[in-house]
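Each chain, written out:
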Amino acid sequence: MKILKVGDTTKAACNSCKSFQDVTFQLRDTPFNDGSGIVKNVLVGVCNACDSVVVLPHQSTPVVKKQLEKQRKSLESRVPAHMIDILNLASDKLGGGTEFVSNIMKYYIHALSNNKISSNNISRFLKSDLATGVAQKRISLKGRYLEEEVILLKEMIEVESTTDLLKIVVLKINDDLLVNERQKPIGQLKNIMAATV
Ligand SMILES: [Zn+2]
């Protein structure tokens, strides 16, 4: 792969000019095609004739991806306060702090939606006493595949509300890590923690 520098030139098809034009690579604040946001100061090829952005070089794609990830909506919900306590205790059990809580949630949503952990009958947790309580605390999760995995998991266990799904996942975590101390998920989560902290 050729690494381009600011000021390098090439020729490329310009949609605005409807012809091949000389193009100069420059740092530009560049809007996404769908208008959903802007990538700041990214190296792009600019048409010398009409000043529009015509080339996004390969070396700029990681920056664009990062920006897209930042913009991705987070998954948010309000749950009873004791659910957050469960997550904090689970993280504590693994040797982590509160900052690891969202990783535990994401690990479970991923593993459940991919059948790496059985989701069989987990909606029963919604009927337990621990599923009740006033929703006073916020859960907020962000992740590359989270949205798709949540949609998939909702279909798998036939739950419609995201809040209900998150409650089920929290109570599954409670059951696995705190009540039954299952070694497999504990071991895997410890590995993830070792790799991320
Ligand atoms: Zn042009």
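Owing to the predicted nature of the structure, the values given are computational and were not obtained by experimental measurement.

**Thoughts on the pairing of strand β2 (residues 19-31)**
Consideration 1: Bridge count between strand β1 (residues 9-14) and β2: six bridges; the pairing is antiparallel. Its bridge partner lying in β2, Ala12 is registered against Gln21.
Consideration 2: In this antiparallel pair of consecutive strands, β1 and β2, the connection spans four residues, and Lys18 shows a positive phi of 55 degrees.

**Section: the pattern of salt bridges**
Pairing between side chains of opposite charge can happen when the charged atoms of each approach one another.
Consideration 1: Counted by the stated rule, this structure contains eight salt bridges.
Consideration 2: Arg138 is paired through a salt bridge with Glu76; the nearest N and O atoms lie 2.8 Å apart. Taken as a pair, Arg138 in strand β6 (residues 135-141) and Glu76 in strand β5 (residues 75-80) lie far apart in primary sequence, 62 residues in all.
Consideration 3: For Glu76, a relative accessible area of 42% corresponds to the partly exposed category.
Consideration 4: Lys93 is paired through a salt bridge with Glu181; the nearest N and O atoms lie 2.9 Å apart. Within this pair, whereas Lys93 is found in helix α2 (residues 81-94), its partner Glu181 is found in the loop between α5 (162-179) and α6 (183-196), the two being separated by 88 residues in sequence.

**Comments concerning α2**
Consideration 1: Over its 14 residues, α2 runs 21 Å from end to end, which matches the ideal 20 Å to within 8%, given 1.5 Å per residue.
Consideration 2: Met83, Ile84, Ile86, Leu87, Ala90, Ser91 and Leu94 are the residues of α2 that are buried. Down the axis, α2 shows its buried residues gathered within 155 degrees of arc, on one side only.
Consideration 3: Elements that come into contact with the buried residues of α2 comprise β5, α3 (101-113), β6, α5 and α6.

**Remarks on the packing of aromatic side chains**
Consideration 1: Per the counting criterion, the structure on display carries one aromatic pair.
Consideration 2: Consider the rings of Tyr107 and Tyr108, whose centres lie 5.4 Å apart with planes at 80 degrees: the pair is edge-to-face. A single burial state applies to Tyr107 and to Tyr108, both of which are buried.
Consideration 3: The cationic tip of Arg124 hangs over the ring face of Phe125; the distance from NZ or CZ to the ring centre is 4.4 Å.

**Here's the deal with the packing of α2 against α3**
Consideration 1: One way to put it is that α2 packs onto α3 with a least axis distance of 9 Å and a crossing angle of 95 degrees. In terms of axis orientation, α2 runs roughly perpendicular to α3. Together, Leu87, Asn88, Ala90, Ser91 and Leu94 of α2 and Val101, Ile104 and Met105 of α3 make up the contact between the two elements.
Consideration 2: Residues that form the contact of α2 with α3 fall into these classes: six nonpolar, two polar and no charged.

Criteria and thresholds
Residues numbered from 1 in each chain as written. Predicted model: local features only at pLDDT ≥ 70, side-chain atom pairs only at ≥ 80, totals over all residues. Heavy atoms only, no water. Pairing = 2+ DSSP bridges. Helix = DSSP H or I, 4+ residues; strand = E, 2+ residues; numbered from the N terminus. Salt bridge = Lys/Arg side-chain N within 4 Å of Asp/Glu carboxyl O. Buried < 20%, exposed > 50% of the residue type's maximum accessible area, 1.4 Å probe, protein only. Expected span 1.5 Å × (residues − 1). Arc of directions from axis to C-beta. Contact = heavy atoms within 4.5 Å. Phe/Tyr/Trp six-rings, centres within 6.5 Å; stacked < 30°, edge-to-face > 60°. Lys NZ or Arg CZ within 6 Å of the ring centre and 35° of its normal. Axes fitted to C-alpha atoms, helices over the stretch in contact; angles between N-to-C directions. Parallel < 35°, antiparallel > 145°, perpendicular 65-115°, else oblique. Nonpolar A, V, L, I, M, F, W, Y, C, P; charged D, E, K, R; others polar.

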